[in-house]
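Listed below, chain by chain, are the residues.
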Amino acid sequence: MVKKILKKFKVEFLTVLFLSLILAFFEITTLSELGFFISSFGNSSSEKSNFLISSHFNFAHDNFAKKHGLFILVLFVIKFLLFVWINVEINKFVSKLDLYARQLLLTSYSSIKYRDWIKLDNSEVISDITSFIPKVVNNFILPFIRIVPEAIILFSIVILLAFVDIRIFLISSISFIILCLLYIFIFRIKLFNLGMKMRDINLNMAYFVKLSFESFKEFSVSGNRSYFIKKFVNLSQPWKSAYVSYNTISKMPKVIIELVFVILFVFIIITIEDLDNSMYVISLFGICGIRSIPIFTTILSFFNNYRTNLPLIFRLESKYKHTFSFTNKETPPVHFQKLHFNKVCFSYTDDSEIIKDLSFTINKKDRVLFKGESGSGKSTLINLVLGHLEPKSGSITFNNCEENGNFNFYYLPQESFLFSASIIENVTLTTSNDYNKEVFSKCLIDTQLDKIVLNLRDGVHTKLSDKALNLSGGQRQRILLARALYQRPSIIILDESTNAIDFNSQNEIFDTIFSEYCDTTFIVVCHTEINLKLFNNIICI
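Note that the structure is a prediction, hence the values are computed from the model and not measured.

1. Digging into the overall build of the protein
Point 1. A tally of helices and strands in the protein yields 15 helices and 8 strands.
Point 2. Within the protein, buried positions represent 45% of all 541 residues.
Point 3. Across the protein, the fraction of contacts at a sequence separation of at least 24, relative to all contacts at a separation of at least 6, is 79%.
Point 4. Summed over all atoms, the accessible surface of the protein reaches about 29400 Å², with 60% contributed by carbon and sulfur.

2. Observations concerning unusual backbone geometry
Only a minority of non-glycine residues have a phi that is not negative, and only a minority of peptide bonds are not trans.
Point 1. With phi around 75°, Lys-365 is a residue other than glycine that occupies positive phi space.
Point 2. By the secondary structure assignment, Lys-365 is in the loop between β2 (355-363) and β3 (367-371).
Point 3. One non-glycine residue, Arg-488, lies in the positive phi region at around 50°.
Point 4. Mapped onto the elements of the fold, Arg-488 is located in the loop between α14 (473-486) and β6 (491-495).

3. With respect to the packing of aromatic side chains
Point 1. Under the definition given, this model contains 9 aromatic pairs.
Point 2. Ring centres of Phe-398 and Phe-409 lie 6.2 Å apart, and the angle between their planes is 90°; on these two criteria the pair is classed as edge-to-face. Linking Phe-398 in strand β4 (residues 393-398) with Phe-409 in strand β5 (residues 409-412), this pair joins segments that are 11 residues apart in sequence.
Point 3. Note on Phe-514 and Phe-535: the rings are 5.6 Å apart at their centroids and 75° apart in plane angle, and the pair reads as edge-to-face. Taken together, the positions of Phe-514 in helix α15 (residues 503-516) and Phe-535 in the loop between β7 (521-526) and β8 (537-540) put the pair 21 residues apart, joining distant regions of the chain.
Point 4. Given a relative accessible area of 8%, Phe-514 falls into the buried group.

4. Quick word on the pairing of β8
Point 1. Burial along β8 is one-sided: the residues Asn-537 and Ile-539 are buried and none of Ile-538 and Cys-540 is.
Point 2. Taken together, the 4 bridges between β3 and β8 define a ladder with parallel strand orientation. Across the sheet, residue Phe-370 finds its bridge partner in β8, namely Ile-539.

5. Thoughts on the packing of helix α12 (residues 437-446) against α14
Point 1. Viewed as axis vectors pointing N to C, α12 and α14 meet at an angle of 135°, and their least axial separation amounts to 9 Å. Comparing the axis directions of α12 and α14 gives the class oblique. Judged by the sense of rotation from one axis to the other, the crossing of α12 with α14 is right-handed. Of the residues in α14, those in contact with Val-439, Phe-440, Cys-443 and Asp-446 of α12 are Ala-482, Leu-485 and Tyr-486.
Point 2. The class makeup of the residues in the contact of α12 with α14 is 6 nonpolar, no polar and 1 charged.

6. Focus on the nonpolar core
Point 1. Residues Ile-90, Ile-145, Ile-157, Leu-161, Phe-176, Ile-257 and Cys-288 are the most contacted members of the largest nonpolar core, which totals 69 residues.
Point 2. For this core, the secondary-structure elements that each account for two or more residues are α2 (10-39), α3 (64-111), α5 (122-164), α6 (166-214), α8 (226-271) and α9 (279-319).
Point 3. Looking at this core, the element that brings in the most residues is α5, giving 18 residues.

7. Things to note about α14
In an α-helix, one full turn covers 3.6 residues, which means residues spaced three or four apart are oriented alike.
Point 1. With 14 residues, α14 should reach 20 Å at 1.5 Å per residue; the first-to-last C-alpha distance of 20 Å fits that figure.
Point 2. Buried within α14 we find Gly-474, Arg-476, Gln-477, Arg-478, Ile-479, Leu-480, Leu-481, Ala-482, Arg-483, Ala-484, Leu-485 and Tyr-486.
Point 3. Two residues or fewer after α14 comes Arg-488, characterised by a positive phi angle close to 50°.

8. Some points on the pattern of salt bridges
Point 1. Under the counting rule described, the total for this entry stands at 3 salt bridges.
Point 2. Taking the shortest distance from any N to any O, the salt bridge between Asp-519 and Lys-365 comes out at 3.5 Å. Here the residue Asp-519 occupies a position in the loop between α15 and β7, and Lys-365 occupies one in the loop between β2 and β3, the gap between them amounting to 154 residues.
Point 3. As a salt-bridge pair, Lys-442 and Asp-446 come within 3.3 Å of each other at their nearest N and O atoms. Within this pair, Lys-442 and its partner Asp-446 are both found in helix α12, separated by 4 residues, close to a single helical turn.
Point 4. Residue Lys-442 is classed as partly exposed on the basis of its relative accessible area of 24%.

9. Brief notes about the confidence of the model for the protein
Point 1. Overall, the prediction assigns the protein a mean pLDDT of 77, with 82% of residues at 70 or greater.
Point 2. Ranking the elements of the protein by mean pLDDT puts helix α7 (residues 216-222) last, at 54, and α12 first, at 92.
Point 3. Note on residues 43-51: pLDDT under 50 across the span, and 19 contacts to partners over four residues away in sequence or across chains.
Point 4. Within the model, pLDDT remains below 50 along residues 323-328, and this stretch shows 8 contacts once partners closer than five positions in the same chain are excluded.

10. A closer look at the sheet that holds β7
Point 1. Ordered in space as β5-β6-β7-β3-β8, the 5 strands form an open sheet in which the pairing is parallel. Sheet topology places β5 and β8 at the edges, where each strand pairs with a single neighbour. On average, each strand axis in the sheet is tilted by 15° relative to the strand beside it, whichever way the strands run.
Point 2. Pairing geometry for β3 and β7, over 5 bridges, is parallel. Paired with Arg-367 across the strands is Phe-522, a residue of β7.
Point 3. Here α14 sits on the sheet and contacts β5, β6 and β7; the angle it forms with β5, its principal contact strand, is near 175°.

11. Looking at the side chain of Asp-495
Point 1. Counting through the fold element by element, Asp-495 comes out in strand β6.
Point 2. In this structure Asp-495 is buried but unpaired, with Lys-378 as the nearest side chain of opposite charge at 7.0 Å.
Point 3. A polar side-chain atom of Asp-495 sits 2.7 Å from a polar atom in the side chain of Tyr-411.
Point 4. When near neighbours in sequence (up to four residues on either side) are disregarded, Asp-495 contacts Ser-379, Tyr-411, Leu-412, Pro-413, Gln-414 and Val-525.

12. Focus: the side chain of Gln-477
Point 1. Looking at the secondary structure, you find Gln-477 in helix α14.
Point 2. One polar contact links Gln-477 to Asn-499, side chain to side chain, over a distance of 2.8 Å.
Point 3. Residues contacting Gln-477, with those up to four places away along its chain left out, are Gln-414, Glu-496, Ser-497, Thr-498, Asn-499, Ala-500 and Ile-501.

How each quantity is defined
- Residues numbered from 1 in each chain as written.
- Predicted model: local features only at pLDDT ≥ 70, side-chain atom pairs only at ≥ 80, totals over all residues.
- Heavy atoms only, no water.
- Helix = DSSP H or I, 4+ residues; strand = E, 2+ residues; numbered from the N terminus.
- Buried < 20%, exposed > 50% of the residue type's maximum accessible area, 1.4 Å probe, protein only.
- Contact = heavy atoms within 4.5 Å.
- Areas by Shrake-Rupley, 256 points an atom, 1.4 Å probe, with all protein chains shown as cover.
- Phe/Tyr/Trp six-rings, centres within 6.5 Å; stacked < 30°, edge-to-face > 60°.
- Pairing = 2+ DSSP bridges.
- Axes fitted to C-alpha atoms, helices over the stretch in contact; angles between N-to-C directions.
- Parallel < 35°, antiparallel > 145°, perpendicular 65-115°, else oblique.
- Left-handed = near helix turned anticlockwise from the far one by under 90°.
- Nonpolar A, V, L, I, M, F, W, Y, C, P; charged D, E, K, R; others polar.
- Core = buried A, V, L, I, M, F, W, Y, C linked by side-chain atoms within 4.5 Å.
- Expected span 1.5 Å × (residues − 1).
- Salt bridge = Lys/Arg side-chain N within 4 Å of Asp/Glu carboxyl O.
- pLDDT = per-residue confidence, 0-100.
- Lys, Arg positive; Asp, Glu negative; His and termini not counted.
- Polar contact = N/O pair within 3.5 Å; in protein donor to acceptor, adjacent residues only side chain to side chain.

If you want it as structure tokens, here you go:
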């Protein structure tokens, strides 16, 4: 997953890398110049000045300190501006990457087969898209990108220090490498286990929060709301323990590295015999050491985040692997002519068959009614028509082919999604004014929604509440039916989607849309009373 994403944004990544090289040059230049500037107040500064940029400028000896200090100030200003530029580019890069990764997961989720969809935990998928992806990006990918310029700077510092004094350089480098390896060896498995624990607890917490909202009506009057609260609190206790352990471990590198640096620096000062002639070396190692501490801390923090988020990365990789080979190319629409069931049988288990030896034919422009009692298998039959389920025996053919193709189905269940937006947006599914106003108005009239809209203060611009709970059930179903008609599909399947509308209005609406949308094939699922004369093909389940 990470390789795929970075490959897509390789231009942005190379830009950051190029700017990082320039920043590393200014970083190492400012460090060496600053070390020389500090040591220039001693006796040996001139001995180490031959490889500095300032040595190529003809600074007057009497004003050397002032001019050299001004020169260093200019270098730091340039470095600051370059640092800001790199961080802007990194944040642009990461924001694109974050949204792209979320889009990939959402595309994957919306394109899976129905039989796979029913096995999913919705709270887990929502958490993946809205929480875990940003977490992986911010705690793993972003630190990884930020390490690139830091690593280049560290590499430049290493070369500079090796050039100045190889003995002190080797002592310092070996000490820090041993320290990092010990830290990684001690906490590697611990951090991985903490990541697993925190991930599982977060998923369970998200699940119970979702469950508490879905059962609000039931438990708000029964006095059992405390069940979910207690469950949430019980889950939060082990999360708190894992959180404390992780943050304690993650904050340790900084203080450990600072302690080791101070020990080494004091050791260098004590062991050097000629302090006056080694002032430049001491100054440079001190400045470079202070600059290297946050780099080492960043690297170890990245390791902490990597080990902690590794379980999540593995899970996302395995769960959404097919996403990254997914192509979002739309197949051309196929003109629907005929659907044929031939002795179709279906069962969820081996014990009993829900559908048994069912045969029928639906032709283009048919008005079909699936009629039967509750639990008779009407919803199962719809899923077979939509291709969400496959028959155990028999055959289902579309235009004499066993592939249902792209026939532009529109399936409308009893309760579909309405969101907090205007009636226009809920019907047209467009976020701008670029919609067909004539078709929109006709859909309102055909579903008798126009009269309802007139009584609303803002008319079609009225903003619905979440799930449109500020409207009645019949009003919500009219909006959903208007949406289905606005999309102009070749087949509209209405699965108990008008049962909240009164009998007379329901029959009037069916009569209107059946006559106005004569090229559309309608399949209606109903177990309540309905005017059978409206249908030319009635299939009893």
